[in-house]
Amino acid sequence: MFPLHPWMLIGTAGGAIPIIIHLLNRRRFKTVRWAAMEFLLASLKKNYKRVRMQNLLLLLLRVLIIVLMAIALSRPMLPQSGVFDAIARPGRHAVIVVDKSLSTHYQQGDQTTFDRIRAVAGSIIDSLGEGDVVSILAMSDIVEPVIEEPTSDLAQARRSIERMSPGWGGSDVRGALEAVADLLERTAEEKPRKDIYLVTDMQATGWGGKDQPPSDELAAALETIGRRAGLFVVDKGPADRHPENLAVVALETDSNVIGVGRRVTLTAKVHNFGTAAQRQVDVNFFVDNFNQGERRIEEIEPGATESVAFSYSFNEKRPYLVHVRISDDRLPADNVRYLALNAGDAIPVLLINGRVADRPRDNETYYLERSLKPPRGADERPLSNISPTTWDEFELAARDFDRFNAVALANVASISDSNTVNRLERYVRLGGTLIVFLGDRVSVDSYNAQLFRDGDGLLPAELGDESVIDTETARGRRLIFERDPMYAGFRTLDDVSREILETFVVFTGHIKATPVEGATVAARFEGGDPAVIAKSYGSGEVILFTSSAGTAWNNLGDTGSLMMLMHELIGQVAVGDLDRRNLIVREPYQHIFEPGARVEQVRITPPGELGRPASLTPFDQDRAPRIVFEDTRIAGPHKLEFSMRAGADPMADEYFSVNPDPEQSDLRRYSMEEAREILDGFEFQYTTDADELHLRVQESRSPRDIAQALLLVVLGMACLELVLGRQFGR
Amino acid sequence: MADIETTEDYQKYLDPNILARISRLDIRARLVVEGFISGQHKSPFHGFSVEFAQHREYVPGDDLKHLDWKVYAKTDRFYVKQYEEETNLSACVLLDISESMAYQSGPLSKLDYGATIGASLAYLMLQQQDAAGLVTFDDDIRDFIRPASQASHLKLMTHQLATVRPTGRSKVGRIFHDLAERINRRGLIILISDLFVDPDELALGIRHFRHKRHEVVVFHVMDDDEVQFPFQNLTRFEGMEDYPEVLAEPRQLRDDYIAELETFRKGVRRTCRQHRVDYVPLLTKDSLEVALSAYLAGRLTARAKL
């Protein structure tokens, strides 16, 4: 038995009180000169033994009352499975929340943080006994029930814990608490006593920022938890509040477009999340698991990111799997980063022709098409793998354009069909790129009403008057790129190209545009009117050219400048295959096939797991066949295998990669005080030690259970004492 | 006799609480008896003797059977016939003056109460022309006043009763045998005691009295405390009559004490019944009327047998 308030045990000395009272009473008596002594002596003789026993019993009872009271007040911790424990405990419902975020891969000695978390979770289950039930939740970015319905099968729960492994995602303590509150509400009928164990490494990112006030949902969840249960936070993180960690936070190509045989620059970024400078960090570069080179970073300051560039030519038109790896540190899970790419894969771009003419050259999209699909180079290799498709305006309303990496509108008069507007918005929101070229056919009112919608729509600027220059009297305006800051879409545009563009391209007409707040002006005309305005919309991007794609208002098409601009834009901004193929943990993988692709089944093999078929949404009238694979919880390369229908050409295996969110590599940990601050002062028990945890559980229980039971016993004994005292005549 | 007010005044002296305020035993005895008598319908005075003495004028309260109708016929006046009182009833009061009789929780100790009974009875007896004697005893006979019927005898007895001091231990065996031999004349033996004596000796003593054809009335005087045992807290009982002292929790002992006592009283009662002895349990808080009524009943029995 472990007292929590040992000084209270001094109170057991109070057990001497009845003895002292007894002795004092012995000295305080009345004296009576008594005549009927004979009978008194007779009764005394007869009663001597019985009275003695009664007196002893009463004394024992009184001593026990005081001693037990003192023990009860010292909040005793009885060992588990004690008989008393079984009486005092009406059974409880333990809800164990197991943190399995990326940071739990951290090595502490020969164990990982997760090993420790798992051990604590196991010991919590071991501490349960007959009549107890347990629920287990796994906490990462989302909270997954491992055992949701409270079970009394503790062995099964133990096995479930043993089977758990650390994940690659982040953690979401707030979400976990909300899920717990939800669980508590649902299982309110279960055992009256509920203990919640949040076994975590206290990684700060999982708790949310301190400036982020608790949402109403969280407040309600905390209220529920406070009302129904006790919360124990068990910190099994490393001892250090800010552990050292190096991570590969990015592996990027210089363009979304990976041409076959073209030299591609791959850049690996290594960030130091720790507090000390890291020296001589070796970065190894692999293509299809073959080491292609090693670079050394001499020093990375704390909080700094160093980049290492590798150059590589993907000489075949096929899927490649690239990865970089740095030497292992305590958290190896973020020391490798994968990049899956399909070299030479076509990048489908949809062009909407706003002016259909008899002569191809007069089509509004003529120059766009030519720019995006330039003739082959001297080596017979295609200069670009962009594959443009041109539709008329009405086709946009009728057909599915989800599979295109970018959609360009060229002098489209109006998009009055609200369904098409909605589809376009959805397309961009989910990561598509929309490039809008204006022109003389554009209905400014319709664009403002349908696409701008007071800033809520797709357009990054409200359109105004046309500004057309009479070339007879004046020469056109030139283009000036914004340099500070440089628009991301033009960031790879080198100085020479930029100078060519600024020197030779002349604009004679444009539509004045007022950028909405949050939009970026990438380039202006002489005189200051915006020429290129971009804004993010959902996961995608909208780029507005205030001039035309055809040669009506400029000489972009004639000079080949359009090719330069479009390749830059699509290479940088358009959702390339790369973006879709290289995901962060928990981002869903979506694969959209060409219309009519005769795919029968797609099999996905996550790293270290068995392959499984992905659900294939078949082609229907509106939409291309596609798969959506949402279970991207494991970091690493995922293999895609395609089974085709009979007679169709086989498709080669491909990869997509899943990488951890770099944010998760920040191992800073919150202290109990910080965590409490984040929970708006919510009271919880915090411990770093499983043994202490059990003590605290007992402690939190004792005032309600053990101490209460003890006090009840004391009360019962006091009543007994009263009755016996009366009975015995004392 | 006394008017109504006086009657009530007298009657109140039957209450031990009132009596306790009167220190002179002779006065006390007179008050008790007057109070007692005034409550009776029939005057117990006047004898039952056969030898005519004189006539006296009738006063209300006189028994009509003693009216002399002849004289009435002659004189048209009521005369009562008075007879020469016979003193053939001899009563002897045996008062226990052992230490245990000193116990007192109420206004009167057992001894006070017993002495008052003794004095009252003596007064009553002498009023009735009976011979009254007094024996005080503890482990031996302390005083022995032979029964006599002179009125002056009362003074002697009350003085004796007023001056006794409780001492020693009561021991009845030898004393009773002795007394049974010494009191020659058959009569009434009135034993006033708490009877904290050896029951066997008591039984033998009573048997001896009965054997000598004495009528015996036992006034068993006890204190209310001795019967109820009302003590609550730890008490040191200092034994009288050479008993040791005992420290005890009275509440624990009460039941058994009362049981013991009850056994004792039953034993005494049984002894009395066996020997056709009147047994009168008295508590010092009780009215003395009980004692006097019991005496009168005993006296009638005694006379009837003479």
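Every chain is numbered independently, its residues counted from 1 as its sequence is written. To label them, take the chains in the order written and letter them from A, then take the ligands in the order written and number them from 1. Local features are withheld for residues below a pLDDT of 70 in this predicted model, meaning they are given only at 70 or higher, and side-chain atom pairs are given and counted only at 80 or more; totals for whole chains, interfaces and linings count all residues.

## Points about the overall build of chain B
No. 1: Helix and strand counts for chain B stand at 11 helices and 10 strands.
No. 2: Contacts in chain B between residues far apart in sequence, at least 24 positions, make up 74% of those at least 6 positions apart. Here a strand is any run of E in DSSP of at least two residues, a helix any run of H or I of at least four, and the numbering for each starts at the N terminus. Any two residues are considered in contact once their C-beta atoms, placed from the backbone, lie within 7 Å.

## Quick look at the overall build of chain A
No. 1: Looking only at helices and strands, chain A features 19 helices and 37 strands.
No. 2: Across the 730 residues that make up chain A, the buried fraction comes to 44%. Neighbour counting defines burial: a residue surrounded by 20 or more other C-beta atoms within 10 Å of its own C-beta is buried, one with 12 or fewer is exposed, and intermediate counts give partly exposed, using backbone-placed C-beta atoms.

## Section: the sheet that holds strand β11 (residues 246-253) of chain A
Residue and element names in this part refer to chain A.
No. 1: Spatially, 3 strands are ordered β11-β12-β15 in an open sheet, and the strand pairing comes out antiparallel. Of all strands in the sheet, those bounded by a partner on one side alone are β11 and β15 (305-313). For this sheet, the mean inter-axis angle between neighbouring strands, taken without regard to orientation, is 20°.
No. 2: One bridge is not enough; two strands pair if DSSP finds at least two bridges between them. As defined by bridge partners, β11 adjoins strand β12 (residues 263-272) across 7 bridges and the pair is classed as antiparallel. Bridging from a neighbouring strand, L251 pairs with A268 of β12. Here, axes are lines fitted to C-alpha atoms. For helices the fit covers the stretch in contact, and angles between N-to-C directions go from 0 to 180 degrees.

## Points about the pairing of strand β8 (residues 235-239) of chain B
No. 1: In terms of strand pairing, strand β2 (residues 30-34) of chain A meets β8(B) through 5 bridges, oriented parallel. Note on β8(B): the bridge partner recorded for W34(A) is G239(B).
No. 2: Inspection of the sheet shows β8(B) paired to strand β9 (residues 246-248) of chain B by 3 bridges, in the antiparallel sense. Directly across from F237(B), in β9(B), lies its bridge partner V246(B).
No. 3: Between β8(B) and β9(B), which pair antiparallel and follow one another directly, the connecting turn spans 6 residues, one of which, E241(B), has a positive phi of 55°.

## Topic: the sheet that holds strand β14 (residues 290-300) of chain A
Residue and element names in this part refer to chain A.
No. 1: Pairing is antiparallel across the open sheet formed by 4 strands, whose spatial order is β14-β13-β16-β17. Two strands bound the open sheet, and with one partner strand each, they are β14 and β17 (336-342). Between one strand and the next, the sheet's axes are offset by a mean angle of 15°, whatever the strand orientation.

## So, the packing of helix α6 (residues 173-186) of chain A against helix α8 (residues 216-228) of chain A
Residue and element names in this part refer to chain A.
No. 1: Between α6 and α8, the least distance of the axes is 8 Å, while the angle of their chain directions is 50°. On the basis of the axis angle, α6 is oblique to α8. Remark: the crossing between α6 and α8 carries left-handed chirality. Contacts from R174, L177, E178, V180, A181, L184 and E185 of α6 reach α8 at E217, L218, A221, L222, T224, I225 and R228.
No. 2: Three classes are used, and their members are as follows: Ala, Val, Leu, Ile, Met, Phe, Trp, Tyr, Cys and Pro are nonpolar, Asp, Glu, Lys and Arg are charged, and the others, Gly among them, are polar. Among the residues forming the contact of α6 with α8, the class breakdown is 8 nonpolar, 1 polar and 5 charged. Here roughly perpendicular refers to angles of 65 to 115 degrees, roughly parallel to angles under 35, roughly antiparallel to angles over 145, and oblique to all remaining angles. Crossing chirality is assigned from the near helix's rotation relative to the far helix, an anticlockwise turn below a right angle marking it left-handed and a clockwise turn marking it right-handed.

## Concerning unusual backbone geometry
No. 1: Cis geometry is found at the peptide bond from D484(A) to P485(A), where omega equals 5°.
No. 2: Within the secondary structure, P485(A) is located in the loop between β23 (477-481) and α13 (495-504).
No. 3: Positive phi values are uncommon outside glycine, yet Q280(A) reaches one of about 50°.
No. 4: Assignment of secondary structure puts Q280(A) in strand β13 (residues 278-287).
No. 5: We classify Q280(A) as exposed; it has 10 C-beta atoms within 10 Å.
No. 6: If you check the backbone angles, L195(B) has positive phi at about 60° while not being a glycine.
No. 7: Taking the C-beta count within 10 Å as the criterion, L195(B) has 25 such neighbours and is therefore assigned buried.

## Let's talk about the packing of helix α2 (residues 37-73) of chain A against helix α10 (residues 250-274) of chain B
No. 1: Where α2(A) meets α10(B), the axes come as close as 8 Å, and the angle between the chain directions of the two elements is 150°. Judged on the interaxial angle alone, α10(B) and α2(A) are roughly antiparallel. Note that α2(A) runs across α10(B); the crossing there is right-handed. Between α2(A) and α10(B), the contacting residues are F39(A), L40(A), A42(A), S43(A), L44(A), K46(A), N47(A), V51(A) and Q54(A) on the first element and Q252(B), L253(B), D256(B), Y257(B), E260(B), L261(B) and F264(B) on the second.
No. 2: For the contact of α2(A) with α10(B), a count of residues per class yields 9 nonpolar, 4 polar and 3 charged.

## Looking at the environment of E600(A)
Residue and element names in this part refer to chain A.
No. 1: As for its position among the elements, E600 is in strand β31 (residues 599-605).
No. 2: According to the C-beta neighbour criterion, E600 is exposed, with 12 such atoms within 10 Å.
No. 3: As a C-alpha pair, E600 and R645 span 45 residues in sequence and 5.4 Å in three-dimensional space.

## Describing the interface of chain A and chain B
No. 1: Each partner contributes to the interface: chain A provides 24 residues, whereas chain B provides 27 residues.
No. 2: Breaking the side of chain A that touches chain B down by element, the ones donating at least two residues are β2 and α2 of chain A.
No. 3: Per-element accounting of the side of chain A that touches chain B gives the leading share, 12 residues, to α2(A).
No. 4: Partitioning the side of chain A that touches chain B into residue classes produces 13 nonpolar, 6 polar and 5 charged.

## So, the environment of E226(B)
No. 1: You can see E226(B) is positioned in helix α9 (residues 224-228).
No. 2: Taking C-alpha positions, E226(B) is 9.3 Å from L283(B), a pair spaced 57 residues apart along the chain.
No. 3: The contacts of E226(B), once residues within four sequence positions are left out, are A35(A), A36(A) and Y103(B).

## Observations regarding helix α12 (residues 444-452) of chain A
Residue and element names in this part refer to chain A.
No. 1: Taken as a whole, α12 has its buried residues at Y447, Q450, L451 and F452. Buried residues of α12 fall within an arc of 155° about the axis and therefore sit on the same side.
No. 2: Residues of α12 that are buried in the fold lie against α11 (418-429) and β22 (461-468).
No. 3: At the exit of α12 stands R453, carrying a positive phi of roughly 45°. For this quantity, the arc is that covered by the directions from the helix axis to the C-beta atoms.

## Some details on the nonpolar core
No. 1: In plain words, the nonpolar core is the set of buried Ala, Val, Leu, Ile, Met, Phe, Trp, Tyr and Cys residues that C-beta atoms within 7 Å link up. Membership of the largest hydrophobic core comes to 118 residues, with the highest contact counts inside it found for V349(A), A408(A), V436(A), V542(A) and I570(A).
No. 2: Not counting residues up to four positions away in its chain, the partners in contact with I570(A) are V257(A), I347(A), V349(A), I386(A) and A406(A).
No. 3: Among the nonpolar cores identified, the runner-up in size contains 82 residues, and L44(A), V32(B), L108(B) and M157(B) belong to it.

## Some details on α8(A)
All names here are of chain A.
No. 1: Given a rise of 1.5 Å per residue, 13 residues ought to cover 18 Å, and the 18 Å separating the end C-alpha atoms of α8 matches this to within 8%.
No. 2: Residues L218, A221, L222 and I225 constitute the buried set of α8. Down the axis of α8, the sector holding all buried residues measures 100°, keeping them to one side. Turned more than 90 degrees away from the buried face of α8 sit D216, E223 and R227, all of them exposed.
No. 3: The secondary structure elements touched by the buried residues of α8 are α6, β9 (193-200) and β10 (229-235). Expected span of a helix, by definition, is 1.5 Å for each gap between consecutive residues, and there is one gap fewer than residues.

## A few points about the confidence of the model for chain B
Residues and elements named next belong to chain B.
No. 1: Within a predicted model, pLDDT stands for the predictor's per-residue confidence, ranging from 0 to 100. For chain B, mean pLDDT is 76; residues scoring 70 or higher make up 77% of the total.
No. 2: Predicted confidence in chain B is weakest over helix α1 (residues 4-11), with a mean pLDDT of 48, and strongest over strand β4 (residues 131-137), with 87.
No. 3: Predicted confidence is poor over residues 1-8, with pLDDT under 50, and the contacts of this stretch with residues over four places away or in other chains come to 7 contacts.
No. 4: When the criterion is pLDDT under 50, residues 41-50 qualifies, and its contacts beyond four places in sequence or with other chains add up to 17 contacts.

## Regarding the confidence of the model for chain A
Residue and element names in this part refer to chain A.
No. 1: On average, chain A scores 84 in pLDDT, and the residues at 70 or more come to 92%.
No. 2: When mean pLDDT is taken per element in chain A, strand β21 (residues 433-438) scores highest with 93 and helix α3 (residues 83-88) scores lowest with 46.
No. 3: The low-confidence segment residues 80-87 (pLDDT under 50) makes 7 contacts with residues lying over four places distant or belonging to another chain.

## A word on the environment of L161(B)
No. 1: Within the element layout of this structure, L161(B) appears in helix α6 (residues 153-163).
No. 2: Among the residues examined, L161(B) registers 28 C-beta atoms within 10 Å and is labelled buried.

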